[in-house]
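What follows is the residue order along each chain.
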Amino acid sequence: ATHKMENPPIENGQSHLSTETPYRKDKLFADMLKSLSPNTSLCIACYITLNKEYKATKTIADWKKGLPELHKRPAIFIIQG
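About the cut-offs
Along each chain, the written sequence defines residue order, and numbers are assigned to residues from 1. Selection of residues for local features in this predicted model requires a pLDDT of at least 70, selection of side-chain atom pairs for listing and counting requires 80 or more, and totals for whole chains, interfaces and linings are taken over all residues. Remark: hydrogens and water are excluded; side-chain values derive from all non-hydrogen atoms of the structure. Here's how the labels work: a residue is buried when its accessible area is under 20% of the maximum for its type, exposed when over 50%, partly exposed in between, all with a 1.4 Å probe on protein chains only. What counts as a helix is a DSSP run of H or I of at least four residues, what counts as a strand is a run of E of at least two, and both are numbered from the N terminus. Pairing between two strands requires that DSSP report at least two bridges joining them. A pair of Phe, Tyr and Trp rings is counted when the ring centres sit within 6.5 Å of each other, with Trp represented by its six-membered ring. The angle between the planes then sorts it: under 30 degrees is stacked, over 60 is edge-to-face, the rest tilted. Between the first and last residue of a helix there are one fewer steps than residues, each counted as 1.5 Å, and that sum is the expected span. Along the arc lie the directions from the helix axis toward the C-beta atoms. Only heavy atoms enter the contact rule, under which two residues are in contact if any of them lie within 4.5 Å.

Colleague: What am I meant to see in the pairing of strand β2 (residues 41-46) here?
Modeller: Every other side chain in a regular strand lies on the same face of the sheet, so the side chains alternate between the two faces. The buried fraction of β2 amounts to 5 of the 6 residues, a majority that puts the element mostly inside the structure. Of the pairings in the sheet, the one linking β2 to strand β3 (residues 54-59) comprises 6 bridges and is antiparallel in character. Bridge pairing in β3 places C46 opposite Y54. In the sheet, β2 pairs with strand β4 (residues 75-80) via 6 bridges, with the strands oriented antiparallel. When the bridges of β4 are listed, C46 appears paired with A75.

Shown next, in the form of structure tokens:
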């Protein structure tokens, strides 16, 4: 079974974009790692257009192997369908 955040992207070939306040972002990321399918692709982008820009796309299983430092960094999460 897929998580409700995965259903529309998977069924329609779309992506689900999510942002969160810096102090709640870590909880959102933890919830995604816990509830999304291991094969689901998740893109994380921080500081877009700045010198310290960070962008990476991995499966949930790969994100669980090593997490980026997101503390207080503005971030966008994209679940890819």
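Colleague: Sorry if this is basic, but what is going on with the packing of aromatic side chains here?
Modeller: Aromatic ring pairs: the centre-centre distance and the angle between the two ring planes describe each pair. Within the structure shown, the criterion is met by 2 aromatic pairs. Pairing F29 with W63 gives two aromatic rings, centres 6.0 Å apart and planes at 85°, and the pair type is edge-to-face. Taken together, the residues span a long stretch of sequence, with F29 in helix α2 (residues 22-35) and W63 in helix α3 (residues 60-65) at a distance of 34 residues. Summarising the burial analysis for this pair, F29 and W63 share the class buried.

Colleague: Please clarify how α2 should be interpreted in this entry.
Modeller: Since the α-helix packs 3.6 residues into each turn, any two residues three or four apart lie on the same face. With 14 residues, α2 should cover 20 Å at 1.5 Å per step; its first-to-last C-alpha distance of 21 Å lies within 8% of that length. Those residues of α2 lying buried are K25, L28, F29, M32 and L33. Along the long axis of α2, the arc covered by the buried residues comes to 135°, so they all point the same way. Exposed positions of α2 whose direction lies more than 90 degrees from the buried face are Y23, K27 and K34. As for α2, its buried residues are in contact with β1 (15-19), β2, α3 and β4.

Geometric descriptors of this kind do not, in isolation, establish any biological role.
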